[in-house]
Amino acid sequence: MLALLGFRLLMGLQFVLMARANRADPSPAPGAGQMLRAWWAESGWATRVFGWWQPFRRGAIADWLPERRGEPGPAPRGVVLVHGFLCNRGFWTPWLPLLRERGHAFVAVDLEPPFGSIDDYAATIDAAVGRVTEATGRAPVVIGHSMGGIAARAWLRACDAGRAEACAHRVITLGSPHGGTWAGRFSHAVNGRQMALEGEWVQALRRAEPPGRAALFTCFYSSCDNIVFPAGTATLPGADNRFVPGVAHVQMAFHPPVMRACLELLAD
C-alpha cells in the first residue's frame, strides 16, 4: 500500500510540472477536475502496464501473420506496433486480440537495447514492416506510442526518401515527443537524452525529413499528458494533429475514442 501511495504521489508531481510547463502552450488548458481524473486513470493504467502486462504478458500473444490463399479482394490493412521508453511489446496487450478479431495482421516489436540510441531501432521496425507487407501485400499502418512514434520517424529517415511512403500507408503517433519533452533533459539513457525538449537529436531528425513527410502522420496529443509536455511537442506541423482532452500519457493508448479512431484509420 505504501508503494502504491508513493507511486501515485510521484505521478502527481509529474502532473504539477506538466501544468506549469503548459502555461505558455496554445493547447486548451485542462480544468482541475480533468487533471484529477487523468491522474487517477493514469495511475491505474500504469500499474497494469508496468506491473502486469510488460513483465508477465510480453510473449503471451504472438504476432499474427495469417496466410491468404486465394481469398477474394485485398487483405485488411496490417499493423506494426511500436512501444515507447521503458516498455516492451506487452504494452499492446489489449490491442492484439482486437486487431486479430478484425482481421488485421500485426507485428508488435521489442525495441532493443532498451536504453540505446533511437537510431538503432530502425532495423527492427523495418523488419516488422517487411513481414506485415509480405503477409498482406499492402503497406501497413505503423502505430507508435510515446518514443515509438519518433522511432518510426527515425525508421523513415533511414529508408530511401522515395521508398518511405511505400513502406508505410500511415503512421499514427500517440503522445509522441516529436519536439522532445521537458523531462528528457534529466535522463541518463541515450534514448532519453535524445528526447530532450528541442534537443539536438530531435532538431536533426526534423531537418532530415523531406517536405510533405508530415502528411503521412496522424498525431494524437493531450494537455493532460504527464510525460510529453508542453502539449504541442506531441504534434507535427502539417500532420493530422488530433487533440484529446483530459487524457494522460499511458492512458491515451487505451482511451476508447483514440482506439476507435485508430481502427477507422486502418480502414482507409
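As the structure is a prediction and not an experimental result, all values here were calculated from the model.

## With respect to the overall build of the chain
If you tally the helices and strands in the chain, you get 10 helices and 6 strands. Over its C-alpha trace the chain gives a radius of gyration of 18 Å, about what one expects of a compact globule, namely 18 Å for 268 residues. Put simply, the chain has 268 residues, and 52% of those count as buried. Across the chain, the fraction of contacts at a sequence separation of at least 24, relative to all contacts at a separation of at least 6, is 75%. Here the chain has roughly 12000 Å² of accessible surface; of this, 60% comes from carbon and sulfur atoms. Here the chain contributes 26 positive and 21 negative side-chain charges, whose respective centroids are spaced 5 Å apart.

## Section: the side chain of Glu 42
Inspection of the secondary structure assignment puts Glu 42 in helix α2 (residues 32-56). No salt bridge is formed by the buried Glu 42; its nearest oppositely charged neighbour, Arg 48, is found at 9.1 Å. Only 2.8 Å separates the side chain of Glu 42 from the backbone nitrogen of Val 250, close enough to count as a polar contact.

## Notes on helix α5 (residues 147-158)
Residues spaced three or four apart along an α-helix face the same direction, because each turn holds 3.6 residues. The first and last C-alpha atoms of α5 sit 17 Å apart over 12 residues, in line with the 16 Å expected at 1.5 Å per residue. Those residues of α5 that fall on the buried side of the exposure criterion are Met 147, Gly 148, Gly 149, Ile 150, Ala 151, Ala 152, Arg 153, Ala 154, Trp 155 and Leu 156.

## Structural notes on helix α4 (residues 122-136)
Along its 15 residues, α4 runs 21 Å from first to last C-alpha, staying within 8% of the 21 Å computed at 1.5 Å per residue. Listed in full, the buried residues belonging to α4 are Ala 122, Ile 125, Ala 128, Val 129, Val 132 and Thr 136. For α4, the arc enclosing every buried residue in end-on projection is 130°, short of the 170-degree limit, so these residues lie on one face. Summarising the geometry of α4, the exposed residues directed more than 90 degrees from the buried face are Ala 123 and Glu 134. Gly 137 sits one or two positions beyond α4 and adopts a positive phi of about 75°.

## Considerations on the packing of aromatic side chains
Per the counting criterion, the structure on display carries 12 aromatic pairs. Ring geometry for Trp 182 versus Phe 229: centroids 5.8 Å apart, planes at 25°, classification stacked. Taken together, the residues span a long stretch of sequence, with Trp 182 in the loop between β4 (170-174) and α7 (190-194) and Phe 229 in the loop between β5 (217-221) and β6 (240-243) at a distance of 47 residues. By relative accessible area, Trp 182 is classed as partly exposed at 24%. What links up through ring pairs into an aromatic cluster is the set Trp 45, Trp 53, Phe 91, Trp 92, Trp 95 and Phe 254.

## Digging into the nonpolar core
Counting residues in hydrophobic clusters, the biggest one holds 34 residues, and the most contacted among them are Ile 118, Val 142 and Trp 155. Breaking this core down by element, the ones donating at least two residues are β1 (79-82), α4, α5, α8 (200-208) and β5. Per-element tally for this core: the top contributor is α5, with 7 residues. Not counting chain neighbours up to four residues away, the residues in contact with Ile 118 comprise Met 147, Ile 150, Ala 151, Ala 154, Asn 191, Gln 194, Met 195 and Trp 201. Counting residues in hydrophobic clusters, the runner-up holds 31 residues, among them Leu 96, Ala 108, Leu 174 and Phe 254.

## With respect to the pairing of strand β3 (residues 141-145)
Where a strand is regular, its side chains alternate between the two sheet faces. Here β3 lies mainly inside the structure; 5 of its 5 residues are buried. By the alternation rule, side chains of β3 split into Val 141, Ile 143 and His 145 and Val 142 and Gly 144, which are all buried. Pairing analysis gives 4 bridges linking β1 to β3, with the strands arranged parallel. Within the sheet, the bridge partner assigned to Val 82 lies in β3 and is Gly 144. Sheet analysis places β3 next to β4, joined by 5 bridges and oriented parallel. Following the sheet pairing, His 145 is matched in β4 by Leu 174.

Cut-offs applied
- Residues numbered from 1 in each chain as written.
- Predicted model: local features only at pLDDT ≥ 70, side-chain atom pairs only at ≥ 80, totals over all residues.
- Heavy atoms only, no water.
- Helix = DSSP H or I, 4+ residues; strand = E, 2+ residues; numbered from the N terminus.
- Rg over C-alpha atoms; globule rule 2.2 N^0.38 Å.
- Buried < 20%, exposed > 50% of the residue type's maximum accessible area, 1.4 Å probe, protein only.
- Contact = heavy atoms within 4.5 Å.
- Areas by Shrake-Rupley, 256 points an atom, 1.4 Å probe, with all protein chains shown as cover.
- Lys, Arg positive; Asp, Glu negative; His and termini not counted.
- Charge placed at Lys NZ, Arg CZ, Asp CG, Glu CD.
- Salt bridge = Lys/Arg side-chain N within 4 Å of Asp/Glu carboxyl O.
- Polar contact = N/O pair within 3.5 Å; in protein donor to acceptor, adjacent residues only side chain to side chain.
- Expected span 1.5 Å × (residues − 1).
- Arc of directions from axis to C-beta.
- Phe/Tyr/Trp six-rings, centres within 6.5 Å; stacked < 30°, edge-to-face > 60°.
- Core = buried A, V, L, I, M, F, W, Y, C linked by side-chain atoms within 4.5 Å.
- Pairing = 2+ DSSP bridges.

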